[in-house]
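Below are the chains, spelled out letter by letter.
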4 protein chains.
Amino acid sequence: MDRLTSWERRTRVALIAIGTGFLLGWAVPVLALGLPTPAHVALWHLQVVCWALFTADYLIRLVLAPRRLSFVLRNVPALLVVLLPLLRPLWLLRALLLVQVVAERVRLPLRVRAVVYVGGTAVFLGLVGSVAVLDVERGAPDANIETIGDALWWSLVTMTTVGYGDRFPVTGEGRLVAAGLMIAGIALLGVVTAAIASWFVERFERTAAADRRTEAELAQVTAELVELRRTVAELSARLAPR
Amino acid sequence: MDRLTSWERRTRVALIAIGTGFLLGWAVPVLALGLPTPAHVALWHLQVVCWALFTADYLIRLVLAPRRLSFVLRNVPALLVVLLPLLRPLWLLRALLLVQVVAERVRLPLRVRAVVYVGGTAVFLGLVGSVAVLDVERGAPDANIETIGDALWWSLVTMTTVGYGDRFPVTGEGRLVAAGLMIAGIALLGVVTAAIASWFVERFERTAAADRRTEAELAQVTAELVELRRTVAELSARLAPR
Amino acid sequence: MDRLTSWERRTRVALIAIGTGFLLGWAVPVLALGLPTPAHVALWHLQVVCWALFTADYLIRLVLAPRRLSFVLRNVPALLVVLLPLLRPLWLLRALLLVQVVAERVRLPLRVRAVVYVGGTAVFLGLVGSVAVLDVERGAPDANIETIGDALWWSLVTMTTVGYGDRFPVTGEGRLVAAGLMIAGIALLGVVTAAIASWFVERFERTAAADRRTEAELAQVTAELVELRRTVAELSARLAPR
Amino acid sequence: MDRLTSWERRTRVALIAIGTGFLLGWAVPVLALGLPTPAHVALWHLQVVCWALFTADYLIRLVLAPRRLSFVLRNVPALLVVLLPLLRPLWLLRALLLVQVVAERVRLPLRVRAVVYVGGTAVFLGLVGSVAVLDVERGAPDANIETIGDALWWSLVTMTTVGYGDRFPVTGEGRLVAAGLMIAGIALLGVVTAAIASWFVERFERTAAADRRTEAELAQVTAELVELRRTVAELSARLAPR
């Protein structure tokens, strides 16, 4: 195990904490409208500190990487996040590691784990998407997503592809958030269907395998009987008076 | 079989009856607007009696359970239902046992049973969801679901994820009901797709297995012929004049 | 083959023709608004004659059936259609036999046949649903489906579960037609997904089977070599000076 | 390899270039509203030249084809495109060859390739559909898709089958484009679900195969032991003093 992997393993939990801190620093001012100015400033500082820690983590990993060019090429999103604070919502996906850690601790069947993982991801993405869309839509002209309740309802209606159209984003940024939620919703839908389908297939496989085994055993028994009959015939031939 | 299982098996049908009673006590006042006051009171009493019976059943099962803490932990929903009458629609899911009982009586292929079960669940959830949404939406400001016809139409449009948006819930409770219907709709959709997919896979499996069997038989015949040729050659060698 | 099966096989094409006739007698007055009265009357007579022929076919099959009660029980829809002219759109499903006949003529892989069948069914149901919804919606208060173009667009938007909500049925009958189209759309969607999934699975099966075969062949070759080595050792032992 | 196949292989890249040229000549005037007249004329000429090259390619392939009637029958879309300039958007599908070429270069697992192909096709169809719908909708009475931003948003909402209904085509041509996008969206959705499902199935297959192998090995070992025991018994019988 090289030093980069070792570093990444040791910092995993810390990065989740930093991501959660950033999430709070970003989401609380959006959700709590009547926040006093000092709290706003404190949360802003929290965001900045978390950003600085992400940057430091990126630089340390770059130094530790055996081949730096390959590291940069394979970690383009991380670099973009460090360089462009505008892409901050992307950072939030780091907090998904939390789900991953939990999923690794508990040893469940693959399908159950898939559904748990999908459920956790769906809830997390729905919450983050709701806050993000509320942040960019509130105050826009003709906007119809003005409260967190509307935003949560909208993200549910979007991720399930129901799409009533009573609430929808009208700004470019809101539509980008919507695109992410739609694609995530479709992928998650696919995982649910696939988990059920593979369960069905496995059930039928097992039944078919049992059938085949029975067939094979019968064939073997038949072969044994044939052999036995032959041996007996041979014996009787030998014992017959010559 | 321990006493808890035995109790649960013996009370199954009774619990369905109690659930149906509760369902009637809850749904009839919502659907029949011009109901006289005595009938309202009677139906309210029916609800209370069914609630009391559910509580009694919970307590009896708690007493019968070999390990009580484990029983409480694994039956959190049942406890919530007993403690918080506000969660009453959750109780209605018990009536689904009825579908289960029917599905167990009739011995059908797994896929057919899955589709029957899915169909029954979909119809039941759609009906309960329609009554629930009508209960919370009717009379709300700006509500557009005001009759049972609209509510049934809305729940169909929601569960199929079509989502025209001509009718949609505007209250928080209505949106919770909608969330349940959407997630149920997606899961049921997944089961239908999965049943068809596994049928296709099984069909191809069987064809492929037949092909493999034919191949194996051919190989066997070839081997037998080779052996025969060898034996004949040996015999002819022996019979040849030395 | 009993006489009922023989009758059903011989009348299949005729029943498609009668179904098509009924379809024309039902659809043309809906689509051609400025139709002169004599044409209306003629088309009405066409409907009546086709209905009479369906009734005659039902009675003949009832007479031919070996066990009449079982026949009645298994052909409830056909009986309903004969008894209740209001259910006439159900008859139209008979014309689907046409698709079936075509699908049986051409020998295609199961998946291709499934997709062709699904495509044909989708187009047919979409067309029939469009005419049916136009028939019941046109002229209703607040209706927004007033032309066949709108009706076709609506049925496409419904069957794909997109559901913009720019057009939607407002009458009870229109909503029943919509329910049929939605459920059909979902089932057809499931068949398409399932066909693709089973193709993927089969591809991987084949690769895995090839791998297994190679393994088995290697094992056989190894066994042969071991046997050969043993024989050679035996021979050398025999030839060794005693 | 006959001359037609050889021609088609050699002209593949050129046809992509011609398709891209046609695409530019068609899309740029739609997207750049304030284009000066000379640029309009130049782009129109580009379209005409590309059309002429497509026609020439069709004629050359017709001449090279071993059986011309069969060639015409199997290339109906190509003929239609050459005959009816109104079907020009269909030509654009040729540019999909670009995706195919890229997919063939890089050797990836079938599932990954399928998802890459699906992603590329989805993005390409979404872009082309957006331009096409903007072209036919802009300026129509009651149209609500008036900018490329709205068109892109609409095509995303359509292909994911969300269908808010805040934007939708109102012209017949726009609805045809929408039909294409909906069907494409459903097919692509099916591929994503199928890829996930087959991955699940394969995972379980592998586990089951490993189980079976272990079983088979155990059976073999048992058989060897039985055989060994028998040989030892035989030996001991021989060595026993007679």
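From a predicted model like this one, the values you see are computed outputs, not experimental measurements.

About the cut-offs
- Residues numbered from 1 in each chain as written.
- Chains lettered and ligands numbered in written order.
- Predicted model: local features only at pLDDT ≥ 70, side-chain atom pairs only at ≥ 80, totals over all residues.
- Heavy atoms only, no water.
- Least-squares fit on C-alpha atoms with pLDDT ≥ 70 in both.
- Helix = DSSP H or I, 4+ residues; strand = E, 2+ residues; numbered from the N terminus.
- Buried < 20%, exposed > 50% of the residue type's maximum accessible area, 1.4 Å probe, protein only.
- UniProt positions renumbered as here; feature names shortened; annotations may be inferred.
- Phe/Tyr/Trp six-rings, centres within 6.5 Å; stacked < 30°, edge-to-face > 60°.
- Patch = residues over 30% accessible without salt bridge, like charges linked within 9 Å, V, L, I, M, F, W, Y side chains within 5 Å.
- Areas by Shrake-Rupley, 256 points an atom, 1.4 Å probe, with all protein chains shown as cover.
- Salt bridge = Lys/Arg side-chain N within 4 Å of Asp/Glu carboxyl O.
- Contact = heavy atoms within 4.5 Å.
- Buried area = accessible area lost by both parts, 1.4 Å probe.

Draft legend 1. Region of interest: the relation of the copies chain A and chain D. With an RMSD of 0.2 Å, chain A superimposes on chain D once it is rotated by 91° and translated 0.0 Å along the axis. Each copy turns onto its partner about a four-fold axis.

Draft legend 2. Focus on unusual backbone geometry. Despite not being glycine, Thr161 of chain B has its phi angle at roughly 60°, a positive value. Structurally, Thr161 of chain B can be placed in the loop between helix 8 (148–159) and helix 9 (172–239). One non-glycine residue, Asp142 of chain C, lies in the positive phi region at around 70°. Here Asp142 of chain C shows up in the loop between helix 7 (110–137) and helix 8 (148–159). Asp142 of chain C gets classed as exposed once you look at its relative accessible area, which sits at 72%.

Draft legend 3. Summary view of the UniProt feature "domain: Potassium channel" (unreviewed entry) in chain A. Listed under "domain: Potassium channel" (unreviewed entry) in the UniProt record, and renumbered for this structure, are residues 135–201 of chain A. For residues 135–201 of chain A, the helix share is 67%, the strand share is 0%, and the end-to-end C-alpha distance is 45 Å.

Draft legend 4. Region of interest: the packing of aromatic side chains. Under the criterion given, the structure shown has 12 aromatic pairs over all chains. Note on Tyr164 of chain A and Phe168 of chain B: the rings are 6.4 Å apart at their centroids and 40° apart in plane angle, and the pair reads as tilted. Here Tyr164 of chain A is found in the loop between helix 8 (148–159) and helix 9 (172–239), whereas its partner Phe168 of chain B is found in the loop between helix 8 and helix 9 on a different chain. Given the relative accessible area of 2%, Tyr164 of chain A is considered buried. Aromatic pair Trp153 of chain B and Tyr164 of chain B: ring centres 5.9 Å apart, planes at 20°, arrangement stacked. One end of the pair, Trp153 of chain B, is in helix 8; the other, Tyr164 of chain B, is in the loop between helix 8 and helix 9, with 11 residues separating them in the sequence. On the basis of relative accessible area, Trp153 of chain B is assigned to the buried category, the value being 3%.

Draft legend 5. Quick peek at a nonpolar patch on the surface. Residue and element names in this part refer to chain A. On the surface, Leu31, Val123, Leu127, Ile148 and Leu152 cluster together into a nonpolar patch covering about 400 Å² of accessible area. When residues of the nonpolar patch are traced back to their parent elements, those giving at least two are helix 7 (110–137) and helix 8. Checked against the element boundaries, Leu152 lands in helix 8. Residue Leu152 is classed as partly exposed on the basis of its relative accessible area of 37%.

Draft legend 6. Region of the structure containing the interface of chain C and chain D. Contacts between chain C and chain D engage 23 residues on the former and 29 residues on the latter. Buried surface at the junction of chain C and chain D, summed over both partners, amounts to about 2,200 Å²; 72% is from carbon and sulfur atoms. Applying the counting rule to chain C against chain D returns one salt bridge. The salt bridge partner of Arg175 of chain D is Asp150 of chain C, with a shortest N-O separation of 3.2 Å.

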